[in-house]
Amino acid sequence: MSAARGAAPRPSASPRDISGNVKMTGGYGFTLAGETLVALASGALWWPEREMLVVSDLHLGKSERIARLGGAALPPYETYDTLERLEADLGRVSARAVVCLGDSFDDRAAAEGLPEGVVDWLVRLQAGRRWSWIEGNHDPGPVALGGAHLADMVAGGLVFRHIATPGGAGEVSGHYHPKARVAGVSRRCFLLDRSRLILPAYGTYTGGLWSHDPALSGLMADGALAIVTGRVARAMPMPR
Amino acid sequence: MFSPALPPAFEDWFASRGWQVHPHQAEMLARADDPSLLLIAPTGGGKTLAGFLPTLVDLAEGGHHGLHTLYISPLKALAADIRRNLSTPVEEMGLPIRVEDRTGDTPSSRKRRQRADPPHILLTTPESLALMLTFEDAARTFAGLKRVVVDEIHALADSKRGDQLWLALARLQRLCPDMRRVGLSATVEDPGAIAALLARHPDPCDILYADPGPDPDIRMLETEERPPWSGGGGSFAIPAILDEIRRHRITLIFHNTRAQAEIFFHRLWMANEEGLPIGIHHGSLDKVQRDRVEKAMVQGRLRAVVCTGSLDLGIDWGDVDLVIQVGAPKNVKRLVQRIGRANHRYNAPSKALLVPANRFEVVECVAALEAVLERDLDGEPRGPGPRDVLCQHILATACAGPFDADALYAEVTTAGAYAGLTRAGFDQCLDYCATGGYALRAYDRWQRLVQDGSGAWSLRDPRAAQLIRMNLGTIHDSDKVKVRMRFGGGRPLGEIEEHFAAQLVRGDTFLIGGRIVRYESLKETAIEVTRASVKKPKIATYAGTKFATSTQLSHRILRMFEQDSWPELPRHTAEWLALQREMSSLPQEGRLLVESFPFDGCEQLCVYGFAGRNAMQTLGLILTKRMEEMGLDPLGFVASDYAVLIWGLEAVLDPVPLLDRAALHEGLERWLAGNAVMKRTFRSSAHIAQLLQRNAPQARKTGRQATFSSDILYDTLMKYDPDHLLLDITREEAMRGLVDFGRIEEMLARVGDRIDVVRLDRVTPLAAPLFLEVGKVPVEGAARERMVEEETERLMAEAGLGS
């Protein structure tokens, strides 16, 4: 047990100490590579010092892509729903920088085929904010939208990329869509150990991968936490 | 009695076997030209031969090219069984007839050949037929078809598999205008309803009745051991059941659920010291395992088989001479059909034993026995054909080539189940198939179906045809995960529910196929297990239908409760009922009993509605929703056929306002918004209407996070498009299937304002079994959030991480 405790990330004293507005968002505060961060109940990550909001795996345009490929015509509302939640989060924390951790679009054509209203909406969200698109496996290369297009990004002690790397340190990534079961229900979750943080998928039409899947339990160090989303973000030992 | 129409070769053949043509077989032959004909006959009445005689006689003369008769059965195994049975007369009389079967298990090379060069008689399932009709060469495949025989039609008439079949028959009839329809059915409560489904609407359909044979020899098993207070396994009766197995040639032991069959088989095997050959058979076991058991049965190498509904239908399982039903029969009609499995000789009584698994079931078994002897069968009318099946049918039609909407509408309404479909209703389904049918017209560029200049509809993307074909069918229970051994070549054992698999951690043990295995790891599409030798395994949950106790049977039980004493019941059960009457009260037909008591750290509320499992489940949903609003902090509930038990943090001392009729109706309306049962109903319809396509040509390797829950689609539609067709269908489905609000209405009408509230300081005899029911439904409310908080804090504290 002591080994596990040694490897575990320490929760910071209280979420309230980090930022006055965190309590309102039901966030869970912690430190990673010396930086103080807050996992929001919505599944976004808030970095108060940089006034930066990080979201992962938006998968915008998913229903359009499935229909285009001859699949079902899913309810075409997921892009609106995702952006609505993002807008709400941006307003709640007054973010001045936004990082989208990859798979922001379900594929390149989906990025190019976004309805005009959605493009306008994105432009509106980007106004007055530094906006970075990290490449994902679904959306490699830059897309024709404002903002910086990056393979990965370093800021302070942290590195932001889409897929976690085995030796990553201070690494913030997405890709796996982690989820965990707590009190009989399944919730999207952050996974956190001493060297890395994996964000849950933020997009409305996204599924999840159990934290006990070998892909995740093999990646996360002993003593890792799962921070489950919902009405309030809450940490627990990561189910393996 | 020989029919004058029977050719000499057939007369000789019957005579050589010492057989007589039954009157109903002769009449079927005499009326071979009826456009539709329904035969009601008991098991063992030569029903199948009656269905095939006109075909064999017609084909005996030779000269027919191509398909002559299509035989549809609800079971793949039945198709294979009939092929073997037909080969005997065909070979012995030297008839020029080619007979083949075609199911999901048929190799694709043979399937292709069958489409190009069909046999005279093709034996298949509704799903395989639907698939054949999606190919462009369907008209050529079915050219010349004269007859279609639907076997075990009573089993199809209750399900969407039937609805899919009635639509396929309408298509076949258009391709082959002279096609005659024959239905073969077990005894049912409303033969006219089945005849209306079988016939081309509005053609008439006569019904023939075979001699129903003698009354069954049926009783309740007397055991030295008393049935337990609760539980559903029937383990207490194992010594007595082993005695019965020894005394009979082949015994079928039916269970209501797969999980119970597993536990029972495991315990039976432990007690089987002399090593009697006993097998297990249920729908979640691997096909190879099931085949082995079926073969051993037919060859008479097994003395008993522990089984579920997977053996309900009419396969000739050898010389079965005893049927044992473990657990309450729930439904008198199905019980009668199961009993018929024993003794396939015509005009010999079937022998059956009922084994109630607990004391409540003793009451239900006695009530069911009385109903069987009075030939009082039960059943509920099914209502019009569901539109999710129609949506799938429209998509499947498009796979076969361009179609005209007017012609398709005309064709669909010749199916009895869809005779009342309005053109507007049809157009709504067509629009859903073409564009998704959303308020937001998002798919102009990517429509699924497009119209050409002449107005004909076809698939925009030909790739879609493959996807649609791969996802045909109406059976979509829940997600399942395969189970296989880690070593020895990864032998498949069967499948378990994904929900159950997700809760397993390495080292957990569970039962499957009668053996205990240890969970080792999750591979891409299967979980790997190893043998384990522990005493108390977990119990896997298996997808499988849970039947609700019928209205008629429920009423019989309530009427029994009103007696002063129960001489027809075993003493232990009579005493138990007396104890309940003394401690609290017994439910009555014209009153509603509600108990409230603390237990297990929660406040419990038990409502004895006797409206069947599904309706009681609905009542639980509505009541917990109302309790949430009233600040009574409900945590969850569990429903049985006779009661719903709700637990929460606050005692409900005055439940009368909760049960107010108007409030329940309002609850039904508002509660439709967001609960698990509605989502389950939606998921099933979304799969059938192919809004969700589970099967893809190549499943993505990294996969599982790529698929997302249908709950998300449901929530999205509720939020952005609440009038969408699929939500309409979901509400409609909810009225009959899982929700069954009709039976809540029936309960409310029955009890009026006669509600008896009893507050106690402990659990009552009648409530106790509910604590062991599976299928507990959590309430996603404030109390749940409190529990999430408490559990995460506890886990953190245990890990030494508490703040």
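Worth saying up front: this structure is predicted, and the values here are computed from it rather than measured.

Considering the overall build of chain B
Counting its secondary structure elements, chain B contains 29 helices and 26 strands. Expected size for 803 residues packed as a compact globule is a radius of gyration near 28 Å; at 27 Å, chain B falls within 12% of this value. Over its C-alpha atoms, taken along the principal directions, chain B stretches across nearly 80 × 70 × 60 Å. Looking at the 803 residues of chain B, the share that counts as buried comes to 59%. The long-range share in chain B, meaning contacts at least 24 apart out of those at least 6 apart in sequence, stands at 72%. If you average the places of the 97 positive and of the 108 negative side-chain charges in chain B, the two averages end up 6 Å apart.

Considering the overall build of chain A
In terms of regular secondary structure, chain A is built from eight helices and 16 strands. Out of the 240 residues belonging to chain A, those deemed buried represent 63%. Accessible surface computed for chain A: about 8,200 Å², of which carbon and sulfur atoms make up 52%.

Here we look at the domain arrangement of chain B
Residues and elements named next belong to chain B. Domains assigned within chain B are domain 1 (8-209), domain 2 (217-373), domain 3 (391-470), domain 4 (480-531) and domain 5 (585-787). Counting from both sides, the interface comprises four residues of domain 2 and, opposite them, seven residues of domain 5. Buried area between domain 2 and domain 5, both sides added, is near 470 Å², and the carbon and sulfur share of it is 72%. On the surface where domain 2 and domain 5 come into contact, there are one salt bridge. In this structure, Lys-330 engages Asp-641 in a salt bridge whose closest nitrogen and oxygen atoms are separated by 2.6 Å. Its residues placed into classes, the side of domain 2 that touches domain 5 shows two nonpolar, one polar and one charged.

What about the side chain of Asp-101 of chain B?
Residue and element names in this part refer to chain B. Residue position: Asp-101 is located in strand S3 (residues 99-102). A polar side-chain atom of Asp-101 sits 3.1 Å from a polar atom in the side chain of Arg-83. Residues in contact with Asp-101, not counting those within four places in the same chain, are Ala-79, Ala-80, Arg-83, Thr-106, Arg-110, Gln-114, Leu-122 and Leu-123.

Remarks on the confidence of the model for chain A
Residue and element names in this part refer to chain A. With 89% of its residues at a pLDDT of 70 or more, chain A shows a mean pLDDT of 88. Model confidence for chain A, summarised as mean pLDDT per element, is weakest for helix H1 (residues 2-7) at 38 and strongest for strand S4 (residues 52-55) at 98. Contacts from residues 1-8, a stretch scored under 50 in pLDDT, to residues over four places away or in other chains number 11 contacts. Here residues 10-24 is a poorly scored stretch, pLDDT under 50, and it has 29 contacts once near neighbours within four places are set aside; other chains count.

Regarding the nonpolar core
Residues and elements named next belong to chain B. Grouped together as the largest cluster of nonpolar side chains are 121 residues, with contacts concentrated most on Leu-70, Phe-142, Ile-394, Phe-426 and Leu-449. It is helix H16 (residues 387-400) that provides the largest number of residues to this core, a total of eight residues. Apart from the residues within four sequence positions on either side, Ile-394 is in contact with Phe-403, Leu-408, Phe-426, Cys-429, Leu-430, Cys-433 and Leu-449. The next biggest cluster of nonpolar side chains, apart from the first, holds 60 residues, and it includes Val-366, Leu-369, Cys-606 and Ala-767.

A closer look at the sheet that holds strand S10 (residues 278-281) of chain B
Residue and element names in this part refer to chain B. Strand order in this open sheet of six strands is S8-S13-S12-S9-S11-S10, and the pairing throughout is parallel. This sheet does not close on itself; its edge strands, each paired only once, are strand S8 (217-220) and S10. Averaged over all adjacent pairs, the angle separating strand axes in this sheet is 20°, with direction ignored. Contacting S8 and strand S13 (351-355), helix H15 (residues 359-373) runs over the sheet at an angle of about 160° to S8.

Side note on the pairing of strand S4 (residues 121-124) of chain B
Residue and element names in this part refer to chain B. Burial of S4 is two-sided: the residues Ile-121 and Leu-123 facing one way and the residues Leu-122 and Thr-124 facing the other way are all buried. As judged from the four bridges shared by S3 and S4, these two strands associate in the parallel manner. Bridge pairing in S4 places Arg-102 opposite Thr-124. Each parallel crossover has a hand, and for S3 linked through helix H5 (residues 108-116) to S4 it is right-handed.

Remarks on the packing of aromatic side chains
Residues and elements named next belong to chain B. Under the counting rule described, the total for this entry stands at 23 aromatic pairs over all chains. Ring centres of Phe-610 and Tyr-642 lie 5.7 Å apart, and the angle between their planes is 40°; on these two criteria the pair is classed as tilted. Here Phe-610 is found in the loop between strand S22 (602-608) and helix H23 (613-629), whereas its partner Tyr-642 is found in the loop between strand S23 (634-639) and strand S24 (644-648), with 32 residues between them in sequence. Assigned by exposure class, Phe-610 and Tyr-642 land together as buried. Through a chain of ring-to-ring contacts, three or more aromatic side chains come together here, namely Phe-360, Phe-561, Tyr-608, Phe-610 and Tyr-642. For Arg-115, the ring lying beneath its charged end belongs to Phe-135, and the centroid distance is 3.7 Å.

Some remarks on helix H26 (residues 710-720) of chain B
Looking only at H26 of chain B, the buried set comprises Ser-710, Ile-712, Leu-713, Tyr-714, Thr-716 and Leu-717 of chain B. One side-chain oxygen of the residue at the start of H26 of chain B lies 2.8 Å from the amide nitrogen of Asp-711 of chain B, identifying that residue as Ser-709 of chain B.

Some points on the side chain of Glu-361 of chain B
Residue and element names in this part refer to chain B. Inspection of the secondary structure assignment puts Glu-361 in helix H15. For the buried Glu-361, no salt bridge exists, and the shortest N-O distance to an oppositely charged side chain is 4.7 Å, to Lys-330. Contacts of Glu-361, omitting those with residues within four sequence positions, involve Gly-327, Ala-328 and Pro-356.

Concerning the interface of chain B and chain A
Across the boundary between the two partners, chain B contributes 50 residues, which contact 52 residues of chain A. Both sides of the chain B and chain A interface together cover about 4,500 Å² of buried area, and 60% of this is carbon and sulfur. Linking chain B with chain A are two salt bridges, by the criterion used here. Across the pair Lys-719 of chain B and Glu-84 of chain A runs a salt bridge, and its minimum N-O distance is 3.7 Å. Secondary structure elements with two or more residues in the side of chain B that touches chain A: helix H19 (463-470), helix H20 (498-503), H26 and helix H29 (782-798) of chain B. When residues of the side of chain B that touches chain A are assigned to their parent elements, the largest contribution, 10 residues, is made by H29 of chain B.

Some remarks on the sheet that holds strand S18 (residues 509-512) of chain B
Residues and elements named next belong to chain B. Spatial ordering of the open sheet is given by S17-S16-S20-S19-S18, a layout of five strands whose pairing is mixed. Because the sheet does not close on itself, it has two edges, and the strands there are strand S17 (492-497) and S18. With strand direction ignored, the average angle separating the axes of adjacent strands in the sheet is 45°. By the bridge criterion, five bridges tie strand S16 (residues 480-485) to S17 in an arrangement that is antiparallel. Within S17, the position partnered with Val-481 by the bridge is Ile-496.

Considering the environment of Met-132 of chain B
Residues and elements named next belong to chain B. Among the secondary structure elements, Met-132 is positioned in helix H6 (residues 126-132). Sequence separation of Met-132 and Phe-142 is 10 residues, and the distance between their C-alpha atoms is 9.5 Å. Apart from residues lying up to four places away in sequence, Met-132 is in contact with Arg-102, Arg-115, Leu-122, Ala-138, Thr-141 and Phe-142.

Focus: the confidence of the model for chain B
Caution is warranted with low-pLDDT regions, since their predicted coordinates should not be read in detail. When pLDDT is averaged along chain B, the result is 86, and 91% of the positions lie at 70 or above. In the predicted structure, residues 699-703 of chain B sits below a pLDDT of 50 and forms four contacts with residues beyond four places in sequence or in another chain.

Examining the packing of H16 of chain B against H19 of chain B
Residues and elements named next belong to chain B. One can describe the packing of H16 onto H19 by two numbers: an axis separation of 9 Å at closest approach and a directional angle of 135°. With respect to their mutual orientation, H16 and H19 come out oblique. Crossing geometry of H16 relative to H19 is assigned as left-handed. Between H16 and H19, the residues in contact are Leu-395, Ala-396 and Cys-399 and Ala-465, Ile-468 and Arg-469, respectively. Looking at the contact of H16 with H19 residue by residue, the class counts come to five nonpolar, no polar and one charged.

Re helix H28 (residues 741-751) of chain B
Taken residue by residue, H28 of chain B has Phe-741, Arg-743, Ile-744, Met-747, Leu-748, Arg-750 and Val-751 of chain B as its buried positions. Where H28 of chain B ends, the next residue or the one after it, Gly-752 of chain B, has phi of about 55°, a positive value.

Re the environment of Leu-156 of chain B
Among the secondary structure elements, Leu-156 of chain B is positioned in helix H8 (residues 153-157). A C-alpha to C-alpha distance of 9.8 Å links Leu-156 of chain B and Ser-185 of chain B, two positions 29 residues apart in sequence.

Some remarks on the pattern of salt bridges
Under the definition given, this model contains 59 salt bridges over all chains. The salt bridge involving Arg-108 of chain A is made with Glu-112 of chain A; its shortest N-O contact spans 3.8 Å. Of the two residues, Arg-108 of chain A and Glu-112 of chain A are both situated in helix H6 (residues 108-112); the distance of four residues between them amounts to about one turn of the helix. Given a relative accessible area of 31%, Arg-108 of chain A falls into the partly exposed group. Its relative accessible area of 57% is what places Glu-112 of chain A among the exposed residues. The residue Asp-376 of chain B makes a salt bridge to Arg-556 of chain B at a minimum N-O spacing of 3.1 Å. A residue pair is termed long-range when its members are at least 10 positions apart, and Asp-376 of chain B in the loop between H15 and H16 and Arg-556 of chain B in helix H21 (residues 551-561) qualify at 180 residues. If you follow the salt bridges from partner to partner, you end up with Lys-62, Glu-64, Arg-65, Arg-68, Asp-106 and Asp-107 of chain A in one network.

Definitions and limits used
- Residues numbered from 1 in each chain as written.
- Chains lettered and ligands numbered in written order.
- Predicted model: local features only at pLDDT ≥ 70, side-chain atom pairs only at ≥ 80, totals over all residues.
- Heavy atoms only, no water.
- Helix = DSSP H or I, 4+ residues; strand = E, 2+ residues; numbered from the N terminus.
- Rg over C-alpha atoms; globule rule 2.2 N^0.38 Å.
- Buried < 20%, exposed > 50% of the residue type's maximum accessible area, 1.4 Å probe, protein only.
- Contact = heavy atoms within 4.5 Å.
- Lys, Arg positive; Asp, Glu negative; His and termini not counted.
- Charge placed at Lys NZ, Arg CZ, Asp CG, Glu CD.
- Areas by Shrake-Rupley, 256 points an atom, 1.4 Å probe, with all protein chains shown as cover.
- Domains from an automatic or database assignment.
- Buried area = accessible area lost by both parts, 1.4 Å probe.
- Salt bridge = Lys/Arg side-chain N within 4 Å of Asp/Glu carboxyl O.
- Nonpolar A, V, L, I, M, F, W, Y, C, P; charged D, E, K, R; others polar.
- Polar contact = N/O pair within 3.5 Å; in protein donor to acceptor, adjacent residues only side chain to side chain.
- pLDDT = per-residue confidence, 0-100.
- Core = buried A, V, L, I, M, F, W, Y, C linked by side-chain atoms within 4.5 Å.
- Pairing = 2+ DSSP bridges.
- Axes fitted to C-alpha atoms, helices over the stretch in contact; angles between N-to-C directions.
- Right-handed = clockwise from strand over helix to strand, strands pointing away.
- Phe/Tyr/Trp six-rings, centres within 6.5 Å; stacked < 30°, edge-to-face > 60°.
- Lys NZ or Arg CZ within 6 Å of the ring centre and 35° of its normal.
- Parallel < 35°, antiparallel > 145°, perpendicular 65-115°, else oblique.
- Left-handed = near helix turned anticlockwise from the far one by under 90°.

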